[in-house]
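# Working through the structure, step by step
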Amino acid sequence: MASADGERKYDLIVFGASGFTGQFVVEELARIEEEESGMRWAIAGRSQDKLDAVLQEVAYTTGKKLKNVEVVIANVNDNQSMDAMCQQAKVLLNCVGPYRFYGEQVVRACVENGCHHLDISGEPQFLEGIQLNYNQKAKEAKVYVVGACGFDSIPADMGVCYTKKEFPGVLNTIEGYLSGDSGPEGSAGHFATWQSAIHGFANAGELIKLRKQFKHQPMPKFEPRLQKRGAVFFSNERQRWSMVFPGADSSVVRRSQRYIYENQEERPAQFGAYVTTSSFFSLVQLIFLGFIFSTLAKFGFGRSLLEKFPRFFSCGFFSHEGPTRKQMEGTTFTWNFYSEGFSDKDKTKPDVRMATQVTGPEPGYIATPIAIVQAALVVLNEPDKLPQGGGVFSPGAIFNKTSLVDRLNQHGIKFTITSAAQPITA
């Protein structure tokens, strides 16, 4: 088996390039390719015609000449075509979801053919299942398999890593609050994200059984423990109604912090993730929709309804068309992190607090392409800063010692300190 570090025809291949998110990943690569001298890349998927159309559209949108970008035909249901694709690339950017249906086939092909794999999955069952079943295989192949390299969960996971590095002492707890803003056109999401959420909720019980198979050693119970919040509460820090964030970020951050503790002997940060709403009415509406969604997702008939009528059950947010460019241009996200810890390791009561922030453009189809492209370039260009030997990683575990945060800062996803460290007086 050839190594991904050896000579390959392409540095990067975008797989699933004709999908809704994939086409924006292609667009982002087209924009930044001049920054990466000599970078060789291609796009891949099932249909030559659709992939050719993506290149034409991206060339028109970006004003870039893409005549040297080639097309590779590959289908997740055709192992031979998958193997052939992965044998040509150093790094594969996998944009084919839902990953619970199509992800493992791609990981298998990458590991068996020496190609590093990055995806934009926000599906904990898939992410942790791949870690359980492929970590050792990836180590033996010296292949890096990195999940959650989009908005799920690079801003949150790398935001925690950034906060830990900037904190003047020993960090103990971080609470992260996600908020979003949209312009006059509003915001929207694509059906693929909706479908992934449906099947994630439907099979949530799998995750409990899956985690028991890891047989992890219990983590030390660092004190004081992170304050437990109610499912719904008013945040004094944000001055907004808030609720527990149901996305993958908390589980991804925990995986990163466990890895850093076990492999770098660094105290893990306790992390809580929440989402804020603009008003109490919005909160009630969100809870009501969430209840309907989670109830229907438990049953086959209910899942069929959710998939058939995404616009109706999401109050117009999700559709097969996805957001318009005007909607994307007017949408932004913000993660606010509030951290507490100790000024030195001998302290037993937190005496320092600090606030940091990660901001960026529309999360699903602008920030996600930026994140996965920059993550892929780090894997390509900074092998000496990655954990040695390959394996399955979360973003914070593999990119903690790299330039990823700096790269993201240069490309529109900003990491900043919003309130410098100060003593806790109360």
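Residues numbered from 1 in each chain as written. Predicted model: local features only at pLDDT ≥ 70, side-chain atom pairs only at ≥ 80, totals over all residues. Heavy atoms only, no water.

This part takes up the sheet that holds strand 7 (residues 170-181). Across a sheet, strands are paired by hydrogen bonds formed along the backbone, either parallel or antiparallel in direction. Read from one edge of the open sheet, seven strands run 9-10-11-7-13-14-16, paired in mixed fashion. The open sheet has two edge strands with one neighbour each: strand 9 (232-235) and strand 16 (414-423). Recorded for the sheet is a direction-independent mean angle of 25° between the axes of neighbouring strands. Helix 10 (residues 280-297) contacts strand 9 and strand 10 (240-244) of the sheet and is inclined by roughly 20° relative to strand 10. Lying on the sheet, helix 14 (residues 363-381) is in contact with strand 13 (332-342) and strand 14 (352-361); it crosses strand 14 at an angle near 105°. (Pairing = 2+ DSSP bridges. Helix = DSSP H or I, 4+ residues; strand = E, 2+ residues; numbered from the N terminus. Axes fitted to C-alpha atoms, helices over the stretch in contact; angles between N-to-C directions. Contact = heavy atoms within 4.5 Å.)

The buried fraction of strand 1 (residues 10-15) amounts to six of the six residues, a majority that puts the element mostly inside the structure. As judged from the five bridges shared by strand 1 and strand 4 (residues 89-94), these two strands associate in the parallel manner. Looking at strand 4, one finds that Val14 is bridged to Leu93. Bridge count between strand 1 and strand 2 (residues 41-45): four bridges; the pairing is parallel. (Buried < 20%, exposed > 50% of the residue type's maximum accessible area, 1.4 Å probe, protein only.)

Per the stated rule, a full pass over the model turns up zero disulfides. Distance from the sulfur of Cys110, which forms no disulfide, to the nearest cysteine sulfur (Cys86) is 3.7 Å. Cys110 sits in the buried class, given a relative accessible area of 0%. In this model Cys149 remains outside any disulfide bridge; the closest cysteine sulfur is found in Cys95, 11 Å from its own. (Disulfide = S-S within 2.5 Å.)

Before going further, it helps to examine the sheet that holds strand 4. Pairing is parallel in the open sheet, where seven strands are placed in the order 3-2-1-4-5-6-15. Edge positions in the sheet fall to strand 3 (70-73) and strand 15 (391-393), since each has one partner strand and no second. Each neighbouring strand pair of the sheet contributes to a mean axis angle of 20°, computed without reference to strand direction. One ladder, built from four bridges, connects strand 2 with strand 3; its direction is parallel. Bridge pairing in strand 3 places Ala42 opposite Glu70. The strands that helix 1 (residues 20-32) touches are strand 1, strand 2 and strand 4; relative to strand 1, the one it contacts most, it runs at about 150°. Against the sheet, helix 2 (residues 48-62) makes contact with strand 2 and strand 3, and its axis sits at roughly 155° relative to strand 3, the strand it touches most.

Counted according to the given criterion, the structure contains 21 salt bridges. Between Glu112 and Arg108 there is a salt bridge, with its nearest N and O atoms 2.7 Å apart. Taken as a pair, Glu112 and Arg108 lie in helix 4 (residues 99-112) at a separation of four residues, close to a single helical turn. Relative accessible area serves as the criterion here: at 47%, Glu112 is assigned to the partly exposed category. Here Arg229 and Glu237 are joined by a salt bridge, their closest N and O atoms 3.9 Å apart. Owing to a relative accessible area of 23%, Arg229 belongs among the partly exposed residues under this scheme. Owing to a relative accessible area of 37%, Glu237 belongs among the partly exposed residues under this scheme. Counted as one network, the salt bridges with shared partners bring together Glu7, Asp11, Arg40 and Lys90. (Salt bridge = Lys/Arg side-chain N within 4 Å of Asp/Glu carboxyl O.)

The geometry of an aromatic ring pair is captured by the separation of the ring centres together with the interplanar angle, meaning the angle of the planes. Evaluation of the coordinates by the stated rule reveals 24 aromatic pairs. The residue whose ring lies beneath Lys137 is Tyr134, and the NZ or CZ to ring-centre distance is 4.8 Å. (Phe/Tyr/Trp six-rings, centres within 6.5 Å; stacked < 30°, edge-to-face > 60°. Lys NZ or Arg CZ within 6 Å of the ring centre and 35° of its normal.)

One finds Leu12, Trp41, Leu93, Leu118, Trp335 and Phe399 to be the most contacted residues of the largest nonpolar core, which totals 86 residues. Looking at which element gives the most residues to this core, the answer is helix 14, with 10 residues. Those residues within four positions of Leu12 in sequence are excluded, and the remaining contacts are Leu29, Met39, Arg40, Trp41, Ala42, Val91, Leu93, Ala376, Leu377 and Leu380. Of all hydrophobic cores here, the second largest spans 18 residues; its members include Ala42, Val76, Ala89 and Val96. (Core = buried A, V, L, I, M, F, W, Y, C linked by side-chain atoms within 4.5 Å.)

As a further point, take the pairing of strand 14. Summarising burial for strand 14: eight of the 10 residues are buried, a large majority. Judged from the 10 bridges that link them, strand 13 and strand 14 form a sheet pairing that is antiparallel. Bridged to Tyr338 within strand 14 is Ala355. The pairing of strand 14 with strand 16 spans seven bridges and is classified as antiparallel. Note on strand 16: the bridge partner recorded for Arg353 is Gln422.

A few words on the environment of Asn133. Take Asn133: it is sitting in helix 5 (residues 124-141). Separated by 42 residues in sequence, Asn133 and Glu175 have C-alpha atoms that sit 31 Å apart.

At their nearest, the axes of helix 10 and helix 11 (residues 300-308) sit 6 Å apart, and the two run at 125° to each other. By the angle between their directions, the pair helix 10 and helix 11 is classed as oblique. Here Phe293, Leu296 and Ala297 of helix 10 come into contact with helix 11, specifically with Gly302, Arg303 and Leu306. Residues belonging to the contact of helix 10 with helix 11 are distributed by class as follows: four nonpolar, one polar and one charged. (Parallel < 35°, antiparallel > 145°, perpendicular 65-115°, else oblique. Nonpolar A, V, L, I, M, F, W, Y, C, P; charged D, E, K, R; others polar.)

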